[in-house]
Amino acid sequence: EAGVTQFPSHSVIEKGQTVTLRCDPISGHDNLYWYRRVMGKEIKFLLHFVKESKQDESGMPNNRFLAERTGGTYSTLKVQPAELEDSGVYFCASSPHIPPYEQYFGPGTRLTVT
Amino acid sequence: TQLLEQSPQFLSIQEGENLTVYCNSSSVFSSLQWYRQEPGEGPVLLVTVVTGGEVKKLKRLTFQFGDARKDSSLHITAAQPGDTGLYLCAALGAGSYQLTFGKGTKLSVIP
C-alpha cells in the first residue's frame, strides 16, 4: 500500500512569491492533516480535512495560507505571498476515520523563503 | 494549550546500553503515539497507546502509557546503531484530531 506522498520535496522561493504544496494521502483515508515544523521548534498542527471539508483550521498562521481538498482526495496548501517566517518543513498526514485515528506522515516539503 | 515535555533532548550512548525517553504533560490525552524520524524523511509511526497503564513491546522497544494518561515512556534495551534517529512523542486530546508533538529526543548509538 502506498504511503502519504508530498510534492515537491524541496522548494526555494523569494519573499513575495507564491508556492503550492501538494499532498496525496493514503487511499481510503478520509482524514487529511497539514503540520509544519519551523527551525528549532516542535511540529505544529495547521489544519484538518474530513473528506473535502475543513474540520479544523485553528492552526493556520494567517490568511496568506490557503488549503484545499477538492473531491476529497489530494490536498494543496498555497502560501501567497510567502514571507521569510514561512520557511520550514511542511508535513502532510492522513488517518482513517476510526479511533484511535493513527496519523501516517508523508516525507515533508522543505520550504525556504529567501 | 497542551504541552508535551520530552526528555532528554539529546542522548548519546554506546551500543548495547539501555535507555529511556520520557514524555510528560499536565493534560490528559485520549491516545499517545511514538514516532521515529530519519533526516529528510517524515515521522514514522512506531506505536499507539490508548489505555492508562498500557504497555506495548516492539522488539527491543517497550512503550508505556501512564495510569493517568498524562505521560509515557519509551525504553530501548541493548541499543543498536540502527536505533539512531529522532524519537517523537505526540498525543491527541479528548475529542481532538490535532496531534500535539514533543520537541523530540535525538538518539545517537555509537558502535
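This one's a predicted model, so the numbers in the text were calculated from it and none came from an experiment.

1. As for the overall build of chain B
A tally of helices and strands in chain B yields 0 helices and 11 strands. Starting at the N terminus and ending at the C terminus, chain B contains elements arranged as β-β-β-β-β-β-β-β-β-β-β. Taking 13 Å as the expected radius of gyration for a compact globule of 111 residues, we find that chain B reaches 13 Å, a close match to that expectation. With respect to the principal axes defined by its C-alpha atoms, chain B has extents near 45 × 30 × 20 Å. Within chain B, the fraction of its 111 residues that count as buried is 46%. If you take every contact in chain B between residues at least 6 apart in sequence, the share linking residues at least 24 apart comes to 54%. Put simply, chain B shows about 5200 Å² of open surface, and 51% of that area lies on carbon and sulfur atoms. In chain B, which carries 9 positive and 9 negative side-chain charges, the distance between the mean positions of the two groups comes to 4 Å.

2. Observations concerning the pairing of strand β7 (residues 65-68) of chain A
Residues and elements named next belong to chain A. Alternating positions in β7 separate cleanly, Phe-65 and Ala-67 being buried on one face and Leu-66 and Glu-68 remaining unburied on the opposite face. Sheet topology note: the β7/strand β8 (residues 75-79) ladder contains 4 bridges and is antiparallel. Its bridge partner being in β8, Glu-68 is matched across the sheet by Thr-76. Hairpin remark: β7 followed by β8, antiparallel, with 6 residues in the connecting loop; positive phi at Gly-71, about 80°.

3. Section: the interface of chain A and chain B
Listed per partner, the contact involves 21 residues of chain A and 20 residues of chain B. If you sort the residues of chain A by the area they bury against chain B, A:Glu42, A:Ile43 and A:Phe105 come out on top, with a joint share of 28%. Connecting chain A to chain B are 0 salt bridges. At the junction of chain A and chain B, the tally comes to 7 residue pairs in polar contact (both at pLDDT 80 or more). A per-element tally of the side of chain A that touches chain B places strand β4 (residues 31-37) of chain A first, with 4 residues. Its residues placed into classes, the side of chain A that touches chain B shows 10 nonpolar, 7 polar and 4 charged.

4. Things to note about the pattern of salt bridges
Evaluation of the coordinates by the stated rule reveals 8 salt bridges over all chains. In this structure, B:Glu54 and B:Lys56 form a salt bridge, with 3.8 Å as the shortest nitrogen-oxygen distance. For B:Arg60, the salt bridge identified is with B:Asp83, shortest N-O distance 2.8 Å. Note that B:Arg60 is positioned in the loop between β6 (55-58) and β7 (61-65) and B:Asp83 in the loop between β8 (71-76) and β9 (85-92), a separation of 23 residues in sequence. What makes B:Arg60 partly exposed here is its relative accessible area of 29%. Connected through shared salt-bridge partners, A:Arg64, A:Glu85 and A:Asp86 make up one network.

5. Quick word on the sheet that holds β8(B)
Strand-to-strand pairing in sheets goes through backbone hydrogen bonds, with the strands running parallel or antiparallel. Residue and element names in this part refer to chain B. Here we have 5 strands laid out as an open sheet, ordered β1-β3-β8-β7-β6, and antiparallel in their pairing. Each edge of the sheet is formed by a strand with only one pairing partner; in this case those strands are β1 (5-7) and β6. Going across the sheet, the axis of each strand differs from the next one's by a mean of 15°, ignoring polarity. Two strands pair when backbone bridges link them, and β6 and β7 are joined in this way by 4 bridges, in the antiparallel orientation. Paired with Lys-57 across the two strands is Thr-62, which belongs to β7.

Each value, and the rule that gives it
- Residues numbered from 1 in each chain as written.
- Chains lettered and ligands numbered in written order.
- Predicted model: local features only at pLDDT ≥ 70, side-chain atom pairs only at ≥ 80, totals over all residues.
- Heavy atoms only, no water.
- Helix = DSSP H or I, 4+ residues; strand = E, 2+ residues; numbered from the N terminus.
- Rg over C-alpha atoms; globule rule 2.2 N^0.38 Å.
- Buried < 20%, exposed > 50% of the residue type's maximum accessible area, 1.4 Å probe, protein only.
- Contact = heavy atoms within 4.5 Å.
- Areas by Shrake-Rupley, 256 points an atom, 1.4 Å probe, with all protein chains shown as cover.
- Lys, Arg positive; Asp, Glu negative; His and termini not counted.
- Charge placed at Lys NZ, Arg CZ, Asp CG, Glu CD.
- Pairing = 2+ DSSP bridges.
- Buried area = accessible area lost by both parts, 1.4 Å probe.
- Salt bridge = Lys/Arg side-chain N within 4 Å of Asp/Glu carboxyl O.
- Polar contact = N/O pair within 3.5 Å; in protein donor to acceptor, adjacent residues only side chain to side chain.
- Nonpolar A, V, L, I, M, F, W, Y, C, P; charged D, E, K, R; others polar.
- Axes fitted to C-alpha atoms, helices over the stretch in contact; angles between N-to-C directions.

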